[in-house]
Amino acid sequence: VVLIAIPVTLALTLFLFYLYGYTLNRITLFALIFSIGILVDDAIVVVENIVRHARLARAGRTLDAVAVGAVDEVGNPTILATLTVVAAILPMAFVGGLMGPYMRPIPVGASAAMLFSLVVAFAVTPWAAVRLLGLAFMALGVAALVTPPAWGNVWLGMGFGGLQMAFGVYIA
């Protein structure tokens, strides 16, 4: 699942670099390398909690419902951890002088990558986890837990539901 989340996040960040007119150089690559730790962390926290909830789930509960509950449990701490790192790095984008424009891609790229990672952790990671864990649990014979949901229901329910859950707390 992490192998899916990282390329998606990095592709979104590279697209942002393209929109800002940044080239792919040592500074922009350093920003991507710098943010890899948090990118991996968001996806791993979500997947580990989905696996934990799936192992503890009672029979008759679908894997997508288990995943939504697992993401709900780790949503706030994951958001706060990511926003804390962004708040520590982003002010460096406003440094002036000779080095300011030269170093600006680091805080912009790293902050964007971390925010994209948060969105991917709440939308793509649960979807991929349901798909991959569903196959794994079926292979192990835990069919009572897994009822394969429709593709659209998983994407809309997990992806947008995860985003709504994550950001709805702060809007309300």
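Above this text sits the structure in question.
Residues numbered from 1 in each chain as written. Predicted model: local features only at pLDDT ≥ 70, side-chain atom pairs only at ≥ 80, totals over all residues. Heavy atoms only, no water.

1. What about the overall build of the protein?
Then comes step 1: In terms of regular secondary structure, the protein is built from six helices and zero strands.
Then comes step 2: Of the regular secondary structure in the protein, the N- to C-terminal order runs α-α-α-α-α-α.
Then comes step 3: Across the protein, every contact between residues at least 6 apart in sequence was considered, and the portion connecting residues at least 24 apart equals 76%.
Then comes step 4: Accessible surface computed for the protein: about 9,100 Å², of which carbon and sulfur atoms make up 73%. (Helix = DSSP H or I, 4+ residues; strand = E, 2+ residues; numbered from the N terminus. Contact = heavy atoms within 4.5 Å. Areas by Shrake-Rupley, 256 points an atom, 1.4 Å probe, with all protein chains shown as cover.)

2. Describing empty space enclosed by the protein
Then comes step 1: Tallied over the entire structure, the rule returns two cavities of 30 Å³ or more.
Then comes step 2: A volume near 30 Å³ is recorded for the second largest cavity.
Then comes step 3: As for the second largest cavity, its lining consists of Ala 5, Thr 9, Leu 39, Ala 43, Ser 117, Val 120, Ala 121 and Thr 125.
Then comes step 4: Elements that contribute at least two residues to the lining of the second largest cavity include exactly helix H1 (2–20), helix H2 (26–56) and helix H5 (105–140).
Then comes step 5: It is H5 that provides the largest number of residues to the lining of the second largest cavity, a total of four residues. (1 Å grid on protein atoms, 1.4 Å probe; cavity = no way out; pocket = protein on both sides within 12 Å on 5 of 7 lines; lining within 4 Å. Points joined across faces, edges and corners; volume = space filled by probe spheres on them.)

3. Description of the packing of H1 against H2
The relative placement of two packed helices comes down to the angle between their axes together with the axis-to-axis distance.
Then comes step 1: Contact geometry for H1 and H2: axes closest at 10 Å, N-to-C directions at 140 degrees. Note that H1 runs across H2; the crossing there is right-handed. Contacts between H1 and H2 pair Val 2, Ala 5, Ile 6, Thr 9, Leu 10, Thr 13, Leu 14 and Phe 17 from the former with Thr 28, Ala 31, Leu 32, Ile 36, Leu 39, Val 40, Ala 43 and Ile 44 from the latter.
Then comes step 2: Within the contact of H1 with H2, the residues separate by chemical class into 13 nonpolar, three polar and no charged. (Axes fitted to C-alpha atoms, helices over the stretch in contact; angles between N-to-C directions. Left-handed = near helix turned anticlockwise from the far one by under 90°. Nonpolar A, V, L, I, M, F, W, Y, C, P; charged D, E, K, R; others polar.)

4. Remarks on the pattern of salt bridges
Then comes step 1: Evaluated as defined, the whole model comprises one salt bridge.
Then comes step 2: Of the charged contacts, one joins Glu 73 and Arg 52 as a salt bridge, the two residues approaching to 2.5 Å between their closest N and O atoms. With a gap of 21 residues between them, Glu 73 in helix H3 (residues 63–89) and Arg 52 in helix H2 connect regions that are remote in the sequence.
Then comes step 3: Given the relative accessible area of 36%, Arg 52 is considered partly exposed. (Salt bridge = Lys/Arg side-chain N within 4 Å of Asp/Glu carboxyl O. Buried < 20%, exposed > 50% of the residue type's maximum accessible area, 1.4 Å probe, protein only.)

5. Observations concerning the environment of Thr 78
Then comes step 1: Considering the arrangement of structural elements, one finds Thr 78 in helix H3.
Then comes step 2: As a C-alpha pair, Thr 78 and Leu 118 span 40 residues in sequence and 7.7 Å in three-dimensional space.
Then comes step 3: When neighbours within four sequence positions are excluded, Thr 78 is seen to be in contact with Asp 42, Val 45, Leu 118 and Phe 122.

6. A few points about the packing of H2 against H3
Then comes step 1: Where H2 contacts H3, the two axes come as close as 8 Å, and the packing angle between them is 155 degrees. The angle between the axes of H2 and H3 places the two elements in the roughly antiparallel class. For H2 against H3, the interelement crossing comes out right-handed. For the pair H2 and H3, the contacting residues are Phe 34, Ile 38, Asp 42, Val 45, Val 46, Asn 49, Ile 50, Arg 52, His 53 and Ala 54 in the first and Leu 63, Val 66, Ala 67, Gly 69, Ala 70, Val 71, Glu 73, Val 74, Thr 78, Thr 82, Val 85 and Ile 89 in the second.
Then comes step 2: Here the contact of H2 with H3 is composed, by residue class, of 14 nonpolar, five polar and three charged. (Parallel < 35°, antiparallel > 145°, perpendicular 65-115°, else oblique.)

7. Considering a nonpolar patch on the surface
Then comes step 1: A contiguous nonpolar patch, built from Leu 14, Leu 24, Leu 29 and Ile 33 and spanning about 390 Å² of accessible area, is present on the exposed surface.
Then comes step 2: As for its placement among the helices and strands, Leu 14 is situated in helix H1. (Patch = residues over 30% accessible without salt bridge, like charges linked within 9 Å, V, L, I, M, F, W, Y side chains within 5 Å.)

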